Amino acid sequence: MEAKQNRNILISGASVAGPALAWWLARHGFRPTVVERAPHLRGGGYAVDFRGPAHLSVLAQMGILDQISAHQTHLAATTYVDEDSRPVASMPAGIFAGDVEILRGDLGRILYEATRDRTEYLFGDSVTALREDDGGVHVTFARSAPRTFDLVIGADGLHSGIRQLAFAGQPDQVADLGLYVAIFGVPDRYGLDHEGLLYSVPGKTAAVFSAPGTGQAVAQFFFRAPGGRPVDFDYRDTAQQQKILASAFADVGWHVPDLLGQLPAADDFYFDSVSQVRLGRWSSGRVALAGDAGYAAGPGGNGTGTAVVAAYVLAGELAAAGGDYRTAYDRYERRLRPYVARGQKQARGGADFLAPDTARKIAQRNRFFRLLPYLPPARALVKHLSTRTATAINLPQYAP
Ligand SMILES: Cc1cc2nc3c(=O)[nH]c(=O)nc-3n(C[C@H](O)[C@H](O)[C@H](O)COP(=O)(O)OP(=O)(O)OC[C@H]3O[C@@H](n4cnc5c(N)ncnc54)[C@H](O)[C@@H]3O)c2cc1C
C-alpha cells in the first residue's frame, strides 16, 4: 500500500535496525534518510545470528537471506582451554549459533548495499536537537543544515541519542547487567581453523575466534564489574575503554598479554556494558525507537533478529495505517513487546554463562559441556531453549 502521509522519515543509526527499517520503509513507499555518527559504515564486532522462521522469513522477503547464508561463519568448534591452551571442554558445534551466524560487519555491509539505492545516507553526522509541532519534527544536526521530517526513528543502539533527546526524564531506562564486553580484530597467529578458544578465570573470559573470509581473528573479552561496582566509562572514549580492559585483564595469563598487546593497532575496537533498555513506552509523539535503542536485551537475547523483525513490523504498521503514526506506533509496540520481553528475560542469565564469577562455577560450566555430547536430550533441550524466544511471534502479512 502506498503511504498517504508522513512519508519523510529520518532514522538515526546505520547498523542493523536502521538499514533494515529503511529497507522496509522504502518498500512501502516511504522516503527514508539514515544518519550515522560514524564517518563510514562501521565494521567490527564478532558474530550475530538469526534463528527460526520469524527471523529467516523477514530476511528472505528482503532478498538477502542467500547472501547472509553465503557469509556464514561455519564455526566447527568452540573449546574452553586452560592456561596452557589444553582443551578442558568443548561446546557442540552450532548449539548457540542459530540457523545462520554471520560476522556483524558482513551483515552491516549486506544491509547497506540492499538499501543504498533507495535511502539517503548521511555519515559522520548526528542529531543534536528535535522540536516537534503539527508540521513535523524539526531536526538540528551536528554538521548538516537543519531539516524537517515527518517522523524520526531512533535506531542508534544502547546509547541512543534520539532516546536521550525525546525520552529525557524517564527513569531507569538502561539497566547495567554488571558485565562488560570488548571485541577487536587481531592477526590470526593462533592457528585457528573455523574455531574459537576461550579461557576463563573467575569473573573474566578471554577468547579468540576465527573470522572466516577476513584473514584475521577476533579477540573477545567479557568481564564482570570489579567489586560489583559499575564501571564508569565514556562510550565515545576508546583510549579510556582500552585502559579499562587492559587493567581488568592485567593479571590474566594464556594468550591475553599477546592479545592486549595488539590493542594499539586495533581500528575496530568495540567496548560496551552489557545492558538492557527498559522503557514504559517506545514512542513519544512523532518519534519512536527500534532495536537496541528501544529495548536492548544483551547477549543471548536475540537482539539482531529482533531488530530485523522490528523493522518489518514498524514499517508494515506505518504502511497499514496509511502513515498515521499514532495508530502504527501503538500496534508496533503491542505486537512486539511480549517478544522483546522474552528476549530480555532470556538474556538476564548471560553473565553466569559468559564470565562465571567463581572457580567452582567455571568448573561446573566445563563439566556441563563435557557431558553434553553424551546427553542427546539435554543437547536438544539447550537448542530448544536457545531458539524458542526467537520464534515466539506470529508475523502479520503487510501488503507491499
Ligand atoms: C561496532 C559494533 C559491534 C557489535 N558487535 C556485536 C557482536 O559481536 N555480537 C553481538 O551480538 N552484537 C554486537 N553488536 C550489537 C548488535 O549489533 C546489536 O545488539 C543488534 O544487532 C541490534 O542492532 P541495532 O542496529 O539496534 O544497534 P547497534 O548495532 O548498536 O547500532 C547502533 C548504530 O547507531 C550508531 N549511533 C550511535 N549513536 C548515534 C548517534 N547519536 N547518531 C547517529 N548514529 C549513532 C552507531 O554507530 C551504530 O552504527 C555490535 C554493535 C556495534 C555498533
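Definitions and cut-offs
Residues numbered from 1 in each chain as written. Predicted model: local features only at pLDDT ≥ 70, side-chain atom pairs only at ≥ 80, totals over all residues. Heavy atoms only, no water. Helix = DSSP H or I, 4+ residues; strand = E, 2+ residues; numbered from the N terminus. Buried < 20%, exposed > 50% of the residue type's maximum accessible area, 1.4 Å probe, protein only. Contact = heavy atoms within 4.5 Å. Arc of directions from axis to C-beta. Core = buried A, V, L, I, M, F, W, Y, C linked by side-chain atoms within 4.5 Å. Patch = residues over 30% accessible without salt bridge, like charges linked within 9 Å, V, L, I, M, F, W, Y side chains within 5 Å. Areas by Shrake-Rupley, 256 points an atom, 1.4 Å probe, with all protein chains shown as cover. Salt bridge = Lys/Arg side-chain N within 4 Å of Asp/Glu carboxyl O. Lys, Arg positive; Asp, Glu negative; His and termini not counted. Charge placed at Lys NZ, Arg CZ, Asp CG, Glu CD. Axes fitted to C-alpha atoms, helices over the stretch in contact; angles between N-to-C directions. Parallel < 35°, antiparallel > 145°, perpendicular 65-115°, else oblique. Left-handed = near helix turned anticlockwise from the far one by under 90°. Nonpolar A, V, L, I, M, F, W, Y, C, P; charged D, E, K, R; others polar. Expected span 1.5 Å × (residues − 1). Pairing = 2+ DSSP bridges. Near = heavy atom within 4 Å. Polar contact = N/O pair within 3.5 Å; in protein donor to acceptor, adjacent residues only side chain to side chain.

A. Representation of the environment of A182 within the structure. By the secondary structure assignment, A182 is in strand β12 (residues 174–187). Judged by relative accessible area, A182 falls into the buried class, the value being 0%. Between the alpha carbons of A182 and I362 there is a distance of 20 Å; along the sequence they are 180 residues apart. Beyond its immediate stretch of four places on either side in the chain, A182 contacts A219, Q220, F221, L245, F269, Y270 and F271.

B. Spotlight on helix α2 (residues 52–61). For α2, the complete set of buried residues consists of G52, A54, H55, V58 and L59. Buried residues of α2 fall within an arc of 160° about the axis and therefore sit on the same side. In this structure, the buried side of α2 is in contact with α1 (17–27), β3 (47–50), α3 (65–70), α9 (303–320) and α10 (325–347). Following α2 by one or two positions, G63 adopts a phi angle in the positive range, close to 75°.

C. Seen up close, the nonpolar core. Counting 77 residues, the largest nonpolar core has I11, I68, I153, V309, L318, Y332 and L336 as its most contacted members. Here this core takes eleven residues from α9, the largest share from any one element. Formed by 31 residues, the second largest nonpolar core is a distinct cluster that contains A206, A219, F221 and F249.

D. Representation of a positive patch on the surface. Judged by side-chain charge, R278, R342, K345, R348 and R388 come together as a positively charged surface patch. Among the structural elements, R342 can be located in helix α10.

E. Here's a closer look at the packing of α2 against α9. Relative to each other, α2 and α9 sit at 60°, their axes nearing to 9 Å. If you check the angle between α2 and α9, you find them oblique. In this structure, α2 meets α9 at a crossing whose hand is left-handed. Contacts from A54, H55, V58, L59 and Q61 in α2 reach G305, T306, V308, V309 and Y312 in α9. Its residues assigned to classes, the contact of α2 with α9 comprises six nonpolar, four polar and no charged.

F. Broad picture of α10. Over its 23 residues, α10 extends 31 Å from the first C-alpha to the last, a length consistent with the 33 Å expected when each residue adds 1.5 Å. Every buried residue of α10 is accounted for by Y325, A328, Y329, Y332, E333, L336, Y339, V340, G343, Q344 and A347.

G. Quick look at the sheet that holds strand β16 (residues 270–277). One open sheet accounts for seven strands, arranged β5-β4-β13-β14-β15-β12-β16; its pairing is mixed. Of all the strands in the sheet, just β5 (87–91) and β16 have a single pairing partner and so form its edges. Across the sheet, the axes of successive neighbouring strands diverge by a mean angle of 25°, strand direction being ignored. By the bridge criterion, eight bridges tie strand β14 (residues 204–211) to strand β15 (residues 216–224) in an arrangement that is antiparallel.

H. Main features of the pairing of β12. In terms of strand pairing, β12 meets β16 through eight bridges, oriented antiparallel. Note on β16: the bridge partner recorded for D176 is S275. Bridging between β12 and β15 involves nine bridges; their strand directions are antiparallel. Counterpart to G185 in the pairing with β15 is V218.

I. Quick look at the site of the ligand. Around the ligand, the structure places 27 residues, and the nearest of them are S15, E36, Y46, D292 and T304. Contact between the ligand and E36: an oxygen atom at 2.6 Å from a side-chain N or O atom of the residue. Contacts to the ligand include A47, whose backbone N or O atom sits 3.3 Å from a nitrogen atom. Across the complex, the protein chains shield 88% of the 910 Å² of accessible surface that the ligand would expose by itself. Looking at the shell around the ligand, the elements that each hand over two or more residues are β2 (31–36), β3 and α9.

J. Local environment of the environment of A93. Here A93 shows up in the loop between β5 and β6 (100–103). In this structure, the C-alpha to C-alpha distance between A93 and G316, residues 223 residues apart in sequence, is 36 Å. A93 has contacts with L75 and A76, leaving out every residue within four places of it along the chain.

Interpretation in functional terms is not warranted from these geometric data alone.
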